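Here is what each chain is made of, one letter per residue.
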Amino acid sequence: MRFRRALAIGATTLAAIAGVLSGPAAPVQAAAPAPTAVAVTLANTIALSNCSASLVRFPTSLSTDSAMMLTNGHCYEGGFIAAGRVIQNVSSTRTGTLLNSSGGSVARSAPTG
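1. Here's the deal with the environment of Ser-109
Here is step 1: Note on placement: Ser-109 falls in the segment after strand S5 (105-108).
Here is step 2: In this structure Ser-109 comes out as partly exposed when scored by relative accessible area, which is 30%.
Here is step 3: Residues Ser-109 and Ala-67, 42 residues apart in the sequence, show an inter-C-alpha distance of 9.1 Å.
Here is step 4: When residues no more than four places from it in sequence are discounted, the contact partners of Ser-109 are Arg-94, Thr-95 and Gly-96.

2. Looking at the nonpolar core
Here is step 1: Judged by nonpolar contacts, Ile-46, Leu-48, Cys-51, Ala-53 and Cys-75 together constitute the single largest core of five residues.
Here is step 2: The residues touching Cys-51, leaving out its near neighbours within four places in the chain, are Ile-46, His-74, Cys-75 and Arg-94.

3. Quick word on the environment of Gly-79
Here is step 1: Here Gly-79 lies in the loop between strand S3 (68-70) and strand S4 (97-99).
Here is step 2: Owing to a relative accessible area of 27%, Gly-79 belongs among the partly exposed residues under this scheme.
Here is step 3: Gly-79 sits 29 residues away from Asn-50 along the chain, and the two C-alpha atoms are 10.0 Å apart.

4. Examining the sheet that holds strand S1 (residues 45-47)
Here is step 1: An order of S3-S2-S1-S4-S5 is seen for the five strands of this open sheet, with the pairing classed as antiparallel. Only two strands of the sheet have a single partner each, and these edge strands are S3 and S5. Adjacent strand axes in the sheet meet at a mean angle of 40° when their direction is disregarded.

5. Observations concerning the pairing of S5
Here is step 1: With three bridges joining them, S4 and S5 adopt antiparallel strand pairing. Within S5, the position partnered with Leu-98 by the bridge is Ala-107.
Here is step 2: The loop that links S4 with its antiparallel partner S5 comprises five residues; one of these, Gly-103, has a positive phi angle of about 95°.

Rules used throughout
Residues numbered from 1 in each chain as written. Predicted model: local features only at pLDDT ≥ 70, side-chain atom pairs only at ≥ 80, totals over all residues. Heavy atoms only, no water. Helix = DSSP H or I, 4+ residues; strand = E, 2+ residues; numbered from the N terminus. Buried < 20%, exposed > 50% of the residue type's maximum accessible area, 1.4 Å probe, protein only. Contact = heavy atoms within 4.5 Å. Core = buried A, V, L, I, M, F, W, Y, C linked by side-chain atoms within 4.5 Å. Pairing = 2+ DSSP bridges. Axes fitted to C-alpha atoms, helices over the stretch in contact; angles between N-to-C directions.

Here you go:
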C-alpha cells in the first residue's frame, strides 16, 4: 500500500512540475471572423459604346458644374492608345449613359462645347 500511495503522490507532483516548467497554457483564440461580403453595384457607372467610366464629383463641385468621367485610355474616341503612350491636355468628349445600381439607365449625356 505504501508503494502505491507514494507513486500516486509522485505522479501528481510530476504533473504539477511539468505545468510550471512548460509555463501557463496558451489562451484559446477564437476563430477569425469570415470576411464580410461587399455588395458591388453599377451605381455611378457610365456605359460608353466600347467601355465604361466612373462618374466623378469632387467635394467642391457645384450642382452647375459639368460632369467628369474617369476612364481607361482605351475609351478615347480617337481609338485605342498604344501601350506606354500618354495623351495629355487633350479634351475628349463622349456620349454615355449613367447607370443606377441595377444597371438601368438614369440619364444620357450628350457632348457639349
